Each structure stands twice: as C-alpha cells, then as structure tokens.
Amino acid sequence: MAIPQWLVKSNTPIATKPNNTIFILEVTKSGKLLVMGFIKNKYFPFLVIFLATLIFYLPVFIYPKLLVDRNNDLQEFFWPIYFFVKEQIIKNHQIPFWNNMILSGTPLLPDPQAPFFYLPNIIFLFLPINLGFIISAFIHTFFGGIGAYFVGRKALNLEKLSA
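Figured I'd write up the structure that's included with this text. (Residues numbered from 1 in each chain as written. Predicted model: local features only at pLDDT ≥ 70, side-chain atom pairs only at ≥ 80, totals over all residues. Heavy atoms only, no water.)

**Structural notes on the packing of helix α2 (residues 44-62) against helix α6 (residues 129-155)**
Remark: α2 packs on α6, axes separated minimally by 10 Å, with the N-to-C direction vectors making an angle of 150°. For the element pair α2 / α6, the angle class is roughly antiparallel. In terms of crossing hand, the pair formed by α2 and α6 is right-handed. Touching P45, F46, I49, F50, T53, L54, Y57, V60 and F61 of α2 are I134, A137, F138, T141, F142, G145, I146, Y149 and F150, all from α6. Residue classes in the contact of α2 with α6 are distributed as 15 nonpolar, three polar and no charged. (Axes fitted to C-alpha atoms, helices over the stretch in contact; angles between N-to-C directions. Helix = DSSP H or I, 4+ residues; strand = E, 2+ residues; numbered from the N terminus. Parallel < 35°, antiparallel > 145°, perpendicular 65-115°, else oblique. Left-handed = near helix turned anticlockwise from the far one by under 90°. Contact = heavy atoms within 4.5 Å. Nonpolar A, V, L, I, M, F, W, Y, C, P; charged D, E, K, R; others polar.)

Pasting the structure below:
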C-alpha cells in the first residue's frame, strides 16, 4: 500500500488525540509508517493477556468435551455437587446443608470444595454447568495472567513490555 505524499511531507500524526485513540500512526521522512501509542496505551497489557487466554482456550471453546467430558474429578466429583446445589437453590429455594445423594448423606456446608462461599460460582446458577466450568476456568486464567503482570510490574519492577 502506497503512503500518500502529503503524510510523508507533513510528518504529523494521523490521530490527533492520543489519549482517546489506540493507534497513532506517524510517517517518517523516509516514508515508513510507525505505530506509536498502541504499546504505550495503559490497556495494552490487558489486551495481550486477554488475547493469549483466548488463544489458549480456543480449542476448549470449539470442542468443550476437551475439558468437561474426560472422566476426571471435574465430571465425577464436582459436577454432581454443583448440579445438586443448583437444583436445590433454583427449585426448592433453599441452600442445601446436607447432600443426601452421596451414600446415606454427607454434610455439604462444611465441605471446603462446596460451591457456597466463593462468589464467582454464582455463574453456575445462570449458565449450564458445563459452560460454567469453561467460563470459570477462562476467567480464572485471565485474572491469573493479570496478577502475574502486576507482580512483574510492582514487585519485580519490570518494564511494561517485559512484565
């Protein structure tokens, strides 16, 4: 793509409001386009982390059975508990303290793996359980990446690109 001569001669940014735009293009006197401001944007690291997480989970979004139908603990242990809790809350309008579906019954409230006291588990009430597991894993990975970025920036004093 040819660069218009008036841009090369003027050497002015195409976008005039750097705080409101993501891409700011500047043309040097030799006719090269420079992308400025995109990496300097304060949201750039979060976009990179989100895109990396999205690429990492893309096979799971395309073929969900990679995560949820593997005969592992997610399907054998957690899925029935989340299903039982969801059914009790939605249909019976009560928080189940006792799970009578396992053997003669087990206490559900003191179980550390019960989904009661972790606020992000509320998505399981509104979404199908399998989709909830996929979105929960995606969100946890995304926020883990953001946490690793802040550790690199604040605790290790790394630059924005290296963090």
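**Thoughts on the pattern of salt bridges**
Considering all chains together, one arrives at one salt bridge under this definition. Residues K91 and E87 are paired through a salt bridge, measuring 3.0 Å at the closest nitrogen-oxygen approach. Separated by four residues within a single helix, K91 and E87 lie in helix α4 (residues 73-91), roughly one turn from each other. You can call K91 exposed: its relative accessible area is 59%. (Salt bridge = Lys/Arg side-chain N within 4 Å of Asp/Glu carboxyl O. Buried < 20%, exposed > 50% of the residue type's maximum accessible area, 1.4 Å probe, protein only.)

**Quick word on α2**
For α2, spanning 19 residues, the distance from its first C-alpha to its last is 26 Å, which sits close to the expected 27 Å at 1.5 Å a residue. The largest bend along α2 reaches roughly 45° and is located at F56, with the proline P59 sitting one to four residues downstream. Listing the buried residues of α2 in full gives F44, P45, I49, T53, Y57 and V60. Those residues of α2 that are buried lie in contact with α3 (65-68) and α6. (Expected span 1.5 Å × (residues − 1). Bend = angle between axes of the 7 residues up to and from the residue.)

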